[in-house]
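# Results of the structural survey
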There are 2 protein chains.
Amino acid sequence: MNKRITIKQIAKALGVSISTVSKALNDSYEISDETKAKIQEYAKLHKYKPNTLALSLQNKKTKTIGILIPNILNYYFARALRGIEKVATEKGYSIITCITNESYEKEVETMEMLSNGTIDGFVACVSVETLKLKKFDHFHDILEEETPIVLYDRAHKDIKCDKVVTDNIKSAYKATRFLMKSGCKDIAIISTSEGLNINKFRIKGYLKALTKYGVTPNENLIIKQDNEINLIERINNMLDNNKVDGIFSVDEVSGAIATQVLNKRNVKIPEEVSIIGFTNGLLSRYGSPPLTSVNRFAHTTGEVAATRLIDKLEGKIKFDDIKTEIIKTKLVERESTKKLFIKF
Amino acid sequence: MNKRITIKQIAKALGVSISTVSKALNDSYEISDETKAKIQEYAKLHKYKPNTLALSLQNKKTKTIGILIPNILNYYFARALRGIEKVATEKGYSIITCITNESYEKEVETMEMLSNGTIDGFVACVSVETLKLKKFDHFHDILEEETPIVLYDRAHKDIKCDKVVTDNIKSAYKATRFLMKSGCKDIAIISTSEGLNINKFRIKGYLKALTKYGVTPNENLIIKQDNEINLIERINNMLDNNKVDGIFSVDEVSGAIATQVLNKRNVKIPEEVSIIGFTNGLLSRYGSPPLTSVNRFAHTTGEVAATRLIDKLEGKIKFDDIKTEIIKTKLVERESTKKLFIKF
DNA sequence: TTGAAAGCGCTAACAG
DNA sequence: CTGTTAGCGCTTTCAA
């Protein structure tokens, strides 16, 4: 950002006015072809590039959007980011990506910092901590200034803005039903971010499926906790004391851990115990065995969220026109479940 | 970015001049405590926030750095990003993260776009395609404008700037030696991004270790290709036609795939075949069995790179003072290799 | 202690 | 067709 040439310098060098240069560079009809050519040539020669900052200041638009990601090591978010990024680039927007590390404070700080004219709008996923604390004032403040926000994946009804989410209850319902149809009777569920409402929904879907098919839920087969600590012990413990022939893991990592535990116990997957995971990421794909998993179309989610935001920024949708879009999921069969011959 | 209040409005509302407000807000000694109090109070009340754009335009500094990531689904890069982000935040910098998807064109576009005053400097990792094409003009151009760049992980000697890299030869040497010391005689190596010079270095380290310990490298045990297509077949093929008791995977995914293949063939890991992976990510940690792996300290790499860049931006280091920092690796033992009793 | 004015790089209305 | 001027939001001399 040092030796960069400005419009002013070009004007001086060529003995024309600043506005002539500006217009010539913008290929305005007002300028003669001759002058235009001269100016454009000089600009190219000296690698002129307009200063984005000055432009943004002028237009009151930055053409950049702020992205909030709770945890970039999570496959789902990384994929979603790609989707957002793709759409943004296509439509000429840059993105500023910020990682909140599931921290409320970081989230607040970041949003404060960016909403100073740096970005035109947000695509955000609420952090676990924020969801637990139920403090959403930072969202309200920004929305009040008419800066649009699109929430993806994790949302909360108290934040009144556009949302793009997974149908968690239904997906969990279908995954559980799949296990039952493939012959599982004693299906356990593992959830490791109990604070998340979306995981509660998944448990709800699981319970709904059991009930629907006349199975009484067994408290001992439900492992809910807030982290991965001791998960191995708890699974071993459950396996020691209960009959289990199916496991539904509500996130990728616990699916992988369950697989490790079963392999270690020399339990045959899927012959003795089937596993279904949630979020069809690298761990599911490259596990031993590869896991049957609920694919959540993270990339699509990102695309839809970014599209919605940009449409709003460009006035195609009114600020107050709020919508929640639901992204369907699809079960991807791999080797951790028994083959089903009847589709349903 | 709508109803935001400006310094001008405050000035009018309070019947003082713009510069008085500016000074008061910056707590200047020139302004009486009384006026200051009045202005600051009003500002707080109306949630005044300075417009970052205007500030940057004024200061010719944006306090943001551009990050280039080839592939965010790669654990190493995701971790590195966290490291960069951490340091940047600590030092009051924002980051703009851009994903190049290993594409030359995307890389060029992105760097062009950002070097218009949007960012003060870059922390970048060169894409595979760029490395193959050996076209580095976009880097040269930016460096010529005295915009600092710090390259991390993948670098090239033709780009004259700061670098933070892994000692690939040595790490591969040590990993291979570890396999030999644990009793492996016929050690295969798998590399799936042949275009990458860093992978060539890893193969070099592997060969060096074999030679050093008197083992003649066997061409049939070296799988090099540019992607993951047919990798399963090739590994199976290799296993069918050769004696193999150790596998060194030069990246995470091929480590996971090798594990899948061995498990499928009911080969006992590590009793019959040992595996060592490179980059100690989720796949190594949560695999079945968990993989012994070369930990590359991606987080540290990111921290070091960001620190270097910011030091340069803040004039602590001269622009022309160029350095390559090498981040050491460490072998993390897990269950895919036999225990060693003699440390070396 | 306060304010007027110039300027960061650029655009746009208006005059010439 | 070209130039003058004002202004985006802010800081910073320099005067008052």
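Residues numbered from 1 in each chain as written. Chains lettered and ligands numbered in written order. Predicted model: local features only at pLDDT ≥ 70, side-chain atom pairs only at ≥ 80, totals over all residues. Heavy atoms only, no water.

### Remarks on the nonpolar core
In this structure, Ile235, Ile247 and Phe248 of chain A together with Ile235, Ile247 and Phe248 of chain B are the most contacted members of the largest nonpolar core, which totals 86 residues. In contact with Ile235 of chain A, other than residues within four places in its own chain, are Ile190, Ile223, Ile257, Ala258 and Val261 of chain A. Counting 59 residues, the second largest nonpolar core, distinct from the first, contains Val123 and Leu309 of chain A together with Ile95 and Ala305 of chain B. (Core = buried A, V, L, I, M, F, W, Y, C linked by side-chain atoms within 4.5 Å. Buried < 20%, exposed > 50% of the residue type's maximum accessible area, 1.4 Å probe, protein only. Contact = heavy atoms within 4.5 Å.)

### What to know about the protein's contact with DNA strand D
Inspection of the region around DNA strand D gives 28 residues, with Ser19, Lys23 and Gln58 of chain A together with Tyr48 and Gln58 of chain B positioned closest. Of all DNA strand D atoms lying within 4 Å of any protein atom, the proportion belonging to sugar or phosphate reaches 61%. Between a phosphate oxygen of DNA strand D and a side-chain N or O atom of Asn26 of chain B, the distance comes to 3.3 Å. Asn51 of chain B places a main-chain nitrogen or oxygen 3.1 Å from a phosphate oxygen of DNA strand D. Listed by contribution, the elements that provide at least two residues to the surface near DNA strand D are helix H2 (18-25) and helix H4 (52-59) of chain A together with helix H1 (7-14), helix H2 (18-25) and helix H4 (52-59) of chain B. Residue contributions to the surface near DNA strand D peak at 4 residues, all from H2 of chain B. (Near = heavy atom within 4 Å. Polar contact = N/O pair within 3.5 Å; in protein donor to acceptor, adjacent residues only side chain to side chain. Helix = DSSP H or I, 4+ residues; strand = E, 2+ residues; numbered from the N terminus.)

### Some thoughts on the interface of chain B and chain A
It is common to report an interface's size as the accessible area lost on association of the parts. In this assembly, 62 residues from chain B lie in contact with 62 residues from chain A. Carbon and sulfur atoms make up 55% of the surface buried where chain B meets chain A, a total of about 5,500 Å² over both sides. Counting every contact that joins chain B to chain A gives 10 salt bridges. Across the salt bridge formed by Lys264 of chain B and Glu335 of chain A, the nearest N and O atoms sit 2.9 Å from each other. Where chain B packs against chain A, one counts 30 residue pairs in polar contact (both at pLDDT 80 or more). For the side of chain B that touches chain A, the secondary-structure elements that each account for two or more residues are H4, helix H5 (75-90), strand S2 (94-99), helix H6 (104-114), helix H8 (137-144), helix H12 (252-264) and helix H13 (282-285) of chain B. Residue composition of the side of chain B that touches chain A, grouped by class: 22 nonpolar, 20 polar and 20 charged. (Buried area = accessible area lost by both parts, 1.4 Å probe. Salt bridge = Lys/Arg side-chain N within 4 Å of Asp/Glu carboxyl O. Nonpolar A, V, L, I, M, F, W, Y, C, P; charged D, E, K, R; others polar.)

### A look at the confidence of the model for chain A
Interpretation of the predicted coordinates at a detailed level should be avoided for regions scoring low in pLDDT. Per-residue confidence for chain A averages 93 on the pLDDT scale, and 98% of its residues sit at or above 70. Per-residue pLDDT, averaged within each element of chain A, yields its smallest value for strand S2 (residues 94-99) of chain A (88) and its largest for strand S4 (residues 149-152) of chain A (98). (pLDDT = per-residue confidence, 0-100.)

### Comments concerning the relation of the copies chain B and chain A
Take chain B, turn it by 180°, move it 0.1 Å along the axis, and it overlays chain A with an RMSD of 0.2 Å. Viewed as a symmetry operation, the transformation between the two copies matches a two-fold axis. In terms of C-alpha distance to the rotation axis, chain B has Ile96 of chain B as its closest residue, with the C-alpha 2.2 Å off the axis. Looking at the interface residues of chain B, 100% of them are also at the interface in chain A, so both copies use one shared face. (Least-squares fit on C-alpha atoms with pLDDT ≥ 70 in both.)

### Comments concerning the pairing of strand S3 (residues 121-124) of chain A
Consecutive side chains of a regular strand alternate in pointing toward one face of the sheet and then the other. Residues and elements named next belong to chain A. Burial along S3 is two-sided: Gly121 and Val123 facing one way and Phe122 and Ala124 facing the other are all buried. Sheet analysis places strand S1 (residues 64-69) next to S3, joined by 4 bridges and oriented parallel. Residue pairing across strands places Ile65 opposite Gly121, the latter belonging to S3. Note: S3 against S4, 3 bridges, orientation parallel. Looking at S4, one finds that Val123 is bridged to Val150. (Pairing = 2+ DSSP bridges.)

### Some thoughts on the protein's contact with DNA strand C
Close to DNA strand C lie 28 residues, the nearest being Gln58 of chain A together with Lys23, Thr35, Gln58 and Lys60 of chain B. Atoms of DNA strand C within 4 Å of the protein belong to the sugar or the phosphate in 65% of instances, the rest to bases. Here a phosphate oxygen of DNA strand C and a backbone polar atom of Ser17 of chain B are 2.9 Å apart. Thr35 of chain B places a polar side-chain atom, nitrogen or oxygen, 2.6 Å from a phosphate oxygen of DNA strand C. Of all the secondary structure elements, the ones that give two or more residues to the surface near DNA strand C are helix H1 (7-14), H2 and H4 of chain A together with H2 and H4 of chain B. Broken down by element, the surface near DNA strand C gets its largest block of residues, 4 residues, from H2 of chain A.

### Brief notes about the packing of helix H11 (residues 231-241) of chain A against helix H12 (residues 252-264) of chain A
Residue and element names in this part refer to chain A. Viewed as axis vectors pointing N to C, H11 and H12 meet at an angle of 55°, and their least axial separation amounts to 10 Å. By the angle class used here, H11 and H12 are oblique. Crossing angle aside, the handedness with which H11 passes H12 is right-handed. Here Leu231, Ile232, Ile235, Asn236 and Leu239 of H11 lie close against H12, whose contacting residues are Ser254, Ile257, Ala258, Val261 and Leu262. The residue makeup of the contact of H11 with H12, split by class, is 8 nonpolar, 2 polar and no charged. (Axes fitted to C-alpha atoms, helices over the stretch in contact; angles between N-to-C directions. Parallel < 35°, antiparallel > 145°, perpendicular 65-115°, else oblique. Left-handed = near helix turned anticlockwise from the far one by under 90°.)

### Brief notes about the sheet that holds strand S4 (residues 149-152) of chain B
All names here are of chain B. Sheet architecture is open: 6 strands sit in the order S2-S1-S3-S4-S5-S11, paired in parallel fashion. Looking along the sheet, the strands with just one partner apiece sit at the ends: S2 and strand S11 (324-327). For this sheet, the mean angle separating the axes of adjacent strands, direction not counted, is 15°. Sheet analysis places strand S5 (residues 162-166) next to S11, joined by 4 bridges and oriented parallel.

### Here's the deal with H1 of chain A
Along an α-helix, residues three or four apart share an orientation, since each turn contains 3.6 residues. Residue and element names in this part refer to chain A. Within the sequence span of H1, burial applies to Ile10, Ala11 and Leu14. End-on view of H1: buried residues confined to an arc of 100°, all on one side of the axis. Seen from the buried face of H1, the exposed residues on the opposite side, beyond 90 degrees, are Lys8 and Lys12. On its buried face, H1 sits against H2 and helix H3 (33-45). Two residues or fewer past H1, Gly15 is found with a positive phi of approximately 65°. (Arc of directions from axis to C-beta.)

### A closer look at the UniProt feature "domain: HTH lacI-type" (unreviewed entry) in chain A
When the UniProt feature table is mapped onto this chain numbering, "domain: HTH lacI-type" (unreviewed entry) sits at residues 5-59 of chain A. Taken end to end, residues 5-59 of chain A is 67% helix and 0% strand, and its first and last C-alpha atoms sit 21 Å apart. (UniProt positions renumbered as here; feature names shortened; annotations may be inferred.)

### What to know about the environment of Gly66 of chain B
All names here are of chain B. Tracing the backbone through its elements, the reader meets Gly66 in strand S1 (residues 64-69). A sequence separation of 167 residues divides Gly66 from Glu233, and the C-alpha atoms of the two residues are 41 Å apart. With sequence-adjacent residues up to four places away left out, Gly66 is seen in contact with Ile96, Leu114, Ile119, Gly121, Phe122 and Val123.

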